[in-house]
Amino acid sequence: MNDHEPAPVPPELLELVDAEITVTGADTPAGEQKLNTLLQSQPGIQEFSLNQGHLAIRYDPVATTRAQISSVLEHAGFTISDLNSTPASPIVGSFHQPQ
């Protein structure tokens, strides 16, 4: 590793985000396969599932953003709406506050 490469983040400190997106255009087997292939190729997406037009994604916000995910989906021809996201792995109690 040289001085310009960031140090890897330990898994216990990796903070992920869960997003729920309503997707139109993935309601056929071909559309679903296109969506699966697209999301599998995107950096930072840890896991995803599609159920009746509702896409649930867990992603690393350091590697990708909501805007990037939305853009990729829209450029592939999908229509998205109702984008909601919340921290999936908040770091709670990681730092001790002196009393």
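Keep in mind it's a predicted model, so treat the numbers as computed, not measured.

S.K.: Honestly, the pattern of salt bridges in this entry has me stumped. Any pointers?
M.R.: Where side chains of opposite charge bring their charged atoms close, a pairing between them can arise. The tally for this structure, following the rule as stated, stands at 1 salt bridge. Residues Asp 18 and Arg 58 are paired through a salt bridge, measuring 2.7 Å at the closest nitrogen-oxygen approach. Taken together, the residues Asp 18 in strand β1 (residues 17-24) and Arg 58 in strand β3 (residues 54-59) connect sequence positions 40 residues apart. The class of Arg 58 is partly exposed, set by a relative accessible area of 27%.

S.K.: Got a minute to help me understand the packing of aromatic side chains in this structure?
M.R.: Summed over all chains, the structure comprises 0 aromatic pairs. One cation-aromatic arrangement involves Lys 34 over Phe 78; the distance from NZ or CZ to the ring centre is 5.5 Å.

S.K.: Whenever I open this one, the environment of Gln 46 confuses me. Can you help?
M.R.: One can find Gln 46 in strand β2 (residues 45-51). Classification of Gln 46 as partly exposed rests on a relative accessible area of 45%. Along the backbone, Gln 46 and Leu 16 are 30 residues apart, and their C-alpha atoms lie at a distance of 8.5 Å. Setting aside chain neighbours within four positions, we find Gln 46 in contact with Leu 16, Arg 58, Tyr 59 and Asp 60.

S.K.: What exactly am I supposed to notice about the nonpolar core here?
M.R.: Grouped burial of nonpolar side chains is what soluble globular proteins tend to show. The biggest cluster of nonpolar side chains holds 17 residues, and the ones touching the most others in it are Ile 21, Leu 55, Ile 57, Leu 73 and Phe 78. Within the residue set of this core, elements represented by two or more residues are β1, α1 (29-40), β3 and α2 (66-75). Among the elements that line this core, the one with the most residues is β1, at 4 residues.

Basis of the calculations
Residues numbered from 1 in each chain as written. Predicted model: local features only at pLDDT ≥ 70, side-chain atom pairs only at ≥ 80, totals over all residues. Heavy atoms only, no water. Salt bridge = Lys/Arg side-chain N within 4 Å of Asp/Glu carboxyl O. Helix = DSSP H or I, 4+ residues; strand = E, 2+ residues; numbered from the N terminus. Buried < 20%, exposed > 50% of the residue type's maximum accessible area, 1.4 Å probe, protein only. Phe/Tyr/Trp six-rings, centres within 6.5 Å; stacked < 30°, edge-to-face > 60°. Lys NZ or Arg CZ within 6 Å of the ring centre and 35° of its normal. Contact = heavy atoms within 4.5 Å. Core = buried A, V, L, I, M, F, W, Y, C linked by side-chain atoms within 4.5 Å.

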